[in-house]
There are 2 protein chains.
Amino acid sequence: MVHREAHARRPSIHDVANSAGVSAATVSKVLQGVATVKPENVQRVFDAVELLGYRVDPLASDLRRAKRRIIGAIVPEFESEFFGSMITQLERLAEQRGYALVAASSRESEAREKEILARMHDWRVSGVVLAPVRNEHGPAAGFMKKNGMTGVLIDRVLADDAFDTVSADSVSASAAVARELVERGHRHILVLGLGEQAATVRARLESFRERALQLAPDTRVDVILSESDVEPLRSSLRDYFAKGERPTAVYSLFLRGTLVALSEFRRRGWHCPNDISLVGFDDAEWMQVTWPAIAAVVQPVRQIAIEAMDVLFRRIGGEGGPPMARLEPCKVLMRESVGSPGSGPHSGGGKRQ
Amino acid sequence: MVHREAHARRPSIHDVANSAGVSAATVSKVLQGVATVKPENVQRVFDAVELLGYRVDPLASDLRRAKRRIIGAIVPEFESEFFGSMITQLERLAEQRGYALVAASSRESEAREKEILARMHDWRVSGVVLAPVRNEHGPAAGFMKKNGMTGVLIDRVLADDAFDTVSADSVSASAAVARELVERGHRHILVLGLGEQAATVRARLESFRERALQLAPDTRVDVILSESDVEPLRSSLRDYFAKGERPTAVYSLFLRGTLVALSEFRRRGWHCPNDISLVGFDDAEWMQVTWPAIAAVVQPVRQIAIEAMDVLFRRIGGEGGPPMARLEPCKVLMRESVGSPGSGPHSGGGKRQ
DNA sequence: ATGAAAGCGCTAACAG
DNA sequence: CTGTTAGCGCTTTCAT
């Protein structure tokens, strides 16, 4: 057992070569598993590697190969369960193929998103999984196109003419939610959304409205969209309720909207599902332990990650063909926050303080 | 405006040199901001850079400098708000100093933790922020020591003899929780913990117990610790209640324990705070919108990140001195899930279904 | 089967 | 002030 000085230079391939009495080229071959090396030398190399605790420098290695075994992942935020587990899955899948995943957060800023992408390009990543802040037409996607980067767009995207896309089938899910709600008798429903993600949100909304009206033409669907931030949504919602509007159910198109809705219900002393029903797009662990448990659309995170990495590596491998747009099915979990209108004990009005 | 072919090789420093009619060395100097270059050439270089859309390859650059401007961050999971925002903060701080942050998840596995660390070492990261799965004595910390890596340990750590540590002052926080609970009249309190993190959990527990007994010697503090997973904790808790134990308050030492407690309360039809009070270590966004809002100890994520990066960069900069152990103060948010025992309308027993 | 040599993209030392 | 040279750690011809 050799005890190296703590801050000693790490052994390089030449140190191994010297120690084994062969050339660096041979060491390299052995380490790549090239078969044309004399067994005896193979052994000597392995011994030397062991002795010195040698490990190849993957970055130097990639530099020479002109190809870096790095995948970049960009998400709008690290803080949510959804993107958190997305990164976990992507990391797992990248490592499975011998690549390292480098994750970064755009912090919901398109400007930053583009900067990060530029940095990933500087790093010569082999491919990028991008969950854009807004949609597939953002500056980041443009940057990727212009620079011939290979990448996959996920989550807040529909189809794209240059990149493969993978996302949850939120359109079908929204229709399913509409059905659940209408079948329970709801005829006045409020939908909450963040307008930034334009196309996706609009698609969810339209699908919801269409299905609701189709099942019950007298259904009234109100909509509150906020352009970019969640706070405007909160005040709009507050105003909406203050005006005396009393939908029997709320469908939030995104997680933080669900929190906003819950918090406004609190303010007004409304309880789910007696006073109002609530369904949120995007599930979270806590939603099943609160009382009432919150109904939610569960996105197939794992499946999205798998498909995204799958197609990404196919493109990296040189596979051609037109971009494909995959949609993975969601699950709709109707939990206790959803009931039938008018069946609650105090459905007549609020009882705040 | 030049329109390069999508997959053309990226311009290298030599391309810029050629285009500008100077040597690569000069280009490098200009780009480093070395002052001793003729203004005219500076201009020519910048023009060429602009023209070709050149950007330095940071990895190649680092290779030559024998120092990589990369910081590694290792956390047990990406899925939680706590570690999610920790990564966000660390990323921000690293970038501020011109470093890239490479984050990885150990997925609560010490074996994997060590592997990742080895990979980071292979990458020659300048420093590592490690949130160990268990504590400061794990194999990963040992690996860092043996290899002379520079790093900071955060979160599930107390002091260490080789690395600086930064964590939330959970000991003081636990004492504060004890005081809040005892002052409200609680004399039978259950503490929930995950035993893995040995020292930290024990410290929280002891501090809680000590303060509780000091304020009210007749206080009974029960403890349920699970060794490694959260499921055993769930069944232990279930058994505990099934035996007829009826503490008036529960203090969970970690987030998922809070979820487990809530879910068991649900099963038994108990409501907070009337039937039982609940305080959790670790806050989450949803805790303030549920009804009741859940009392929690808020960890100073941002502060921990700042201190960790600060000391890390000082060490990277060569600053010596003995390792320091920083403790950042928590906030204790007593929300609606905490009340006084015996004041609820149905404090006599459960009312399930 | 092996090693010398070249070179990935870059920077640092040193002459000029 | 500038360019030449050398080389970071590695892989890959290409002779031998």
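Residues numbered from 1 in each chain as written. Chains lettered and ligands numbered in written order. Predicted model: local features only at pLDDT ≥ 70, side-chain atom pairs only at ≥ 80, totals over all residues. Heavy atoms only, no water.

Visitor: Just checking my understanding: could you explain the overall build of chain A for this structure?
Guide: Secondary structure assignment for chain A yields 12 helices and 12 strands. Projecting the C-alpha coordinates of chain A onto the three principal axes gives extents of approximately 90 × 45 × 30 Å. In chain A, which comprises 353 residues, the proportion classed as buried is 56%. Taking the contacts inside chain A whose residues are at least 6 apart along the sequence as the reference set, 71% of them involve residues at least 24 apart. (Helix = DSSP H or I, 4+ residues; strand = E, 2+ residues; numbered from the N terminus. Buried < 20%, exposed > 50% of the residue type's maximum accessible area, 1.4 Å probe, protein only. Contact = heavy atoms within 4.5 Å.)

Visitor: What should I look at first to understand the protein's contact with DNA strand D in this one?
Guide: Neighbouring DNA strand D are 25 residues; Ile13(A), Tyr54(A), Arg64(A), Asn41(B) and Arg64(B) lie closest to it. Among all atoms of DNA strand D positioned within 4 Å of the protein, those belonging to sugar or phosphate total 61%. Within the side chain of Tyr54(A), an N or O atom sits 2.5 Å from a phosphate oxygen of DNA strand D. Elements that contribute at least two residues to the surface near DNA strand D include exactly α1 (13-20), α2 (24-32) and α4 (58-65) of chain A together with α2 (24-32) and α4 (58-65) of chain B. When its residues are assigned to classes, the surface near DNA strand D shows 10 nonpolar, nine polar and six charged. (Near = heavy atom within 4 Å. Polar contact = N/O pair within 3.5 Å; in protein donor to acceptor, adjacent residues only side chain to side chain. Nonpolar A, V, L, I, M, F, W, Y, C, P; charged D, E, K, R; others polar.)

Visitor: Help me out: how do you make sense of empty space enclosed by the protein in this one?
Guide: Where empty space is left in the structure can be found by rolling a water-sized probe over the atoms. Across all of its chains, the model carries three cavities of 30 Å³ or more by this definition. Taken together, 14 residues line the largest cavity, and the ones lying closest to its centre are Leu262(A), Trp291(A), Pro292(A), Val289(B) and Trp291(B). For the lining of the largest cavity, the class distribution of residues is 10 nonpolar, three polar and one charged. (1 Å grid on protein atoms, 1.4 Å probe; cavity = no way out; pocket = protein on both sides within 12 Å on 5 of 7 lines; lining within 4 Å. Points joined across faces, edges and corners; volume = space filled by probe spheres on them.)

Visitor: When you look at the sheet that holds strand β8 (residues 249-252) of chain B in this model, what are you seeing that I'm missing?
Guide: Picture the strands of a sheet paired through backbone hydrogen bonds; they go either parallel or antiparallel. Residues and elements named next belong to chain B. With mixed pairing, six strands are arranged side by side in an open sheet as β7-β6-β8-β9-β10-β12. The open sheet terminates on both sides in strands that have one partner only, identified here as β7 (220-226) and β12 (331-333). Ignoring strand direction, the axes of neighbouring strands in this sheet form an average angle of 15 degrees. Note: β8 against strand β9 (residues 277-281), four bridges, orientation parallel. When the sheet's bridge partners are listed, serine 252 is paired in β9 with glycine 280. Across the sheet, helix α8 (residues 170-183) touches β6 (188-194), β8, β9, β10 (295-298) and β12, and the angle it forms with β9 is around 170 degrees. Its contacts with the sheet put helix α9 (residues 198-215) on β6, β7, β8 and β9, and the angle it makes with β7 is roughly 170 degrees. (Pairing = 2+ DSSP bridges. Axes fitted to C-alpha atoms, helices over the stretch in contact; angles between N-to-C directions.)

Visitor: Help me out: how do you make sense of the nonpolar core in this one?
Guide: As a rule of thumb, nonpolar side chains are buried together in soluble globular proteins. Residues Ile71(A), Met309(A), Ile71(B) and Met309(B) are the most contacted members of the largest nonpolar core, which totals 102 residues. Here Ile71(B) is in contact with Ala94(B), Tyr99(B), Ala100(B), Leu101(B), Val102(B), Ser126(B), Gly127(B), Val129(B), Met309(B), Leu312(B), Phe313(B) and Ile316(B), once residues within four sequence places are set aside. Formed by 53 residues, the second largest nonpolar core is a distinct cluster that contains Leu259(A), Ile276(A), Leu190(B) and Tyr240(B). (Core = buried A, V, L, I, M, F, W, Y, C linked by side-chain atoms within 4.5 Å.)

Visitor: Would you take a moment to explain the interface of chain B and chain A for this structure?
Guide: A common measure of how large an interface is: the accessible area buried when the components associate. On the chain A side, the residues contacting the 58 residues of chain B number 59 residues. Roughly 5400 Å² is buried in total at the junction of chain B and chain A, and carbon and sulfur atoms are behind 54% of that figure. The largest per-residue losses of area from chain B upon contact with chain A belong to Trp123(B), Arg266(B) and Trp291(B), which jointly make up 14% of the total buried on that side. Across the contact surface, chain B and chain A share 22 salt bridges. (Buried area = accessible area lost by both parts, 1.4 Å probe. Salt bridge = Lys/Arg side-chain N within 4 Å of Asp/Glu carboxyl O.)

Visitor: What exactly am I supposed to notice about α2(B) here?
Guide: What sets the pattern is the α-helix's 3.6 residues per turn: residues three or four places apart point alike. All names here are of chain B. All buried positions along α2 are accounted for by Ala24, Thr26, Val27 and Val30. Relative to the axis of α2, the buried residues are bounded by an arc of 160 degrees and lie together on one face. Positive phi shows up at glycine 33, right after α2, with a value of about 80 degrees. (Arc of directions from axis to C-beta.)

Visitor: Is there a simple way to think about the packing of aromatic side chains in this case?
Guide: Each aromatic ring pair is summarised here by two numbers: the centre-to-centre distance and the angle between the ring planes. Enumeration over the complete set of coordinates arrives at 16 aromatic pairs over all chains. When the centroid spacing of 6.2 Å and the interplanar angle of 40 degrees are considered together, the rings of Trp123(A) and Trp123(B) count as tilted. Separated into two different chains, Trp123(A) in the loop between α6 (110-122) and β3 (127-130) and Trp123(B) in the loop between α6 (110-122) and β3 (127-130) make up a pair that spans both. Taking relative accessible area as the criterion, Trp123(B) reaches 6% and is therefore assigned buried. Aromatic side chains Tyr99(B) and Phe313(B) sit 4.9 Å apart centroid to centroid with 80 degrees between the ring planes, which places their arrangement in the edge-to-face category. Residue Tyr99(B) is located in the loop between α5 (81-96) and β2 (100-105), and its partner Phe313(B) is located in helix α12 (residues 301-316); the two are separated by 214 residues in the primary sequence. Taken individually, Tyr99(B) and Phe313(B) each receive the classification buried, so the pair is uniform in this respect. (Phe/Tyr/Trp six-rings, centres within 6.5 Å; stacked < 30°, edge-to-face > 60°.)

Visitor: Teacher, can you tell me more about the packing of helix α8 (residues 170-183) of chain A against helix α9 (residues 198-215) of chain A here?
Guide: What describes two packed helices is the angle between their axes and the distance between those same axes. All names here are of chain A. Taken N-terminus to C-terminus, the directions of α8 and α9 make an angle of 35 degrees; their axes are 8 Å apart at the nearest point. Of the two elements, α8 crosses α9, and the hand of that crossing is right-handed. Contacts between α8 and α9 involve Ser170, Val171, Ser174, Ala175, Val177, Ala178, Arg179, Leu181 and Val182 on the former and, on the latter, Ala203, Arg204, Ser207, Phe208, Arg211, Ala212 and Leu215. Of the residues belonging to the contact of α8 with α9, the class tally is 10 nonpolar, three polar and three charged. (Left-handed = near helix turned anticlockwise from the far one by under 90°.)

Visitor: Sorry if this is basic, but what is going on with the relation of the copies chain B and chain A here?
Guide: Think of it as a corkscrew move, a rotation about one axis and a shift along it, taking one chain copy to the other. The two copies are related by a screw operation: chain B maps onto chain A through 180 degrees of rotation and 0.0 Å of translation along the axis, at an RMSD of 0.1 Å. What the rotation and shift describe, once combined, is the action of a two-fold rotation axis. Among all residues of chain B, the one whose C-alpha sits closest to the rotation axis is Val102(B), at a distance of 2.8 Å. By residue overlap, the copies meet face to face through one surface: 100% of the interface positions of chain B are interface positions in chain A. (Least-squares fit on C-alpha atoms with pLDDT ≥ 70 in both.)

Visitor: Looking at this model, I keep getting lost on the UniProt feature "domain: HTH lacI-type" (unreviewed entry) in chain A. Mind explaining?
Guide: Feature annotation in UniProt places "domain: HTH lacI-type" (unreviewed entry) on residues 11-65 of chain A, given in this structure's numbering. Secondary structure across residues 11-65 of chain A divides into 71% helix and 0% strand, with the first and last C-alpha atoms of the span separated by 21 Å. (UniProt positions renumbered as here; feature names shortened; annotations may be inferred.)

Visitor: Can you walk me through the sheet that holds strand β11 (residues 325-328) of chain A in this structure?
Guide: All names here are of chain A. Strand order in this open sheet of six strands is β2-β1-β3-β4-β5-β11, and the pairing throughout is parallel. The sheet is open, and its two edges are formed by β2 (100-105) and β11, each paired on a single side. The average angle at which neighbouring strand axes cross in this sheet is 20 degrees, direction not considered. Both β3 and strand β4 (residues 151-154) contribute to a ladder of three bridges, which runs parallel. Residue valine 129 lies in a different strand from β4, and its bridge partner there is valine 152.

Visitor: What am I meant to see in α4(B) here?
Guide: Burial in α4(B) covers these residues: Pro58(B), Leu59(B), Ser61(B) and Asp62(B). Within α4(B), the buried residues cover an arc of 160 degrees as seen down the axis, which keeps them to one side. Where the residues of α4(B) are buried, they touch α4, β1 (70-75) and α6 of chain A together with β1 (70-75) of chain B. For α4(B), the N-terminal capping position is held by Asp57(B), with its side-chain oxygen 2.9 Å away from the main-chain nitrogen of Leu59(B).

Visitor: I would appreciate a short explanation of the protein's contact with DNA strand C in the present structure.
Guide: Close contacts around DNA strand C come from 25 residues, with Asn41(A), Arg64(A), Ile13(B), Tyr54(B) and Arg64(B) the closest. When the atoms of DNA strand C within 4 Å of the protein are grouped by moiety, sugar and phosphate amount to 64% of the total. The separation between a phosphate oxygen of DNA strand C and a polar main-chain atom of Ser23(A) is 2.9 Å. Those elements that provide at least two residues to the surface near DNA strand C are α2 and α4 of chain A together with α1 (13-20), α2 and α4 of chain B. The dominant element in the surface near DNA strand C, judged by the number of residues it contributes, is α4(B), at four residues. Here the surface near DNA strand C is composed, by residue class, of 10 nonpolar, nine polar and six charged.

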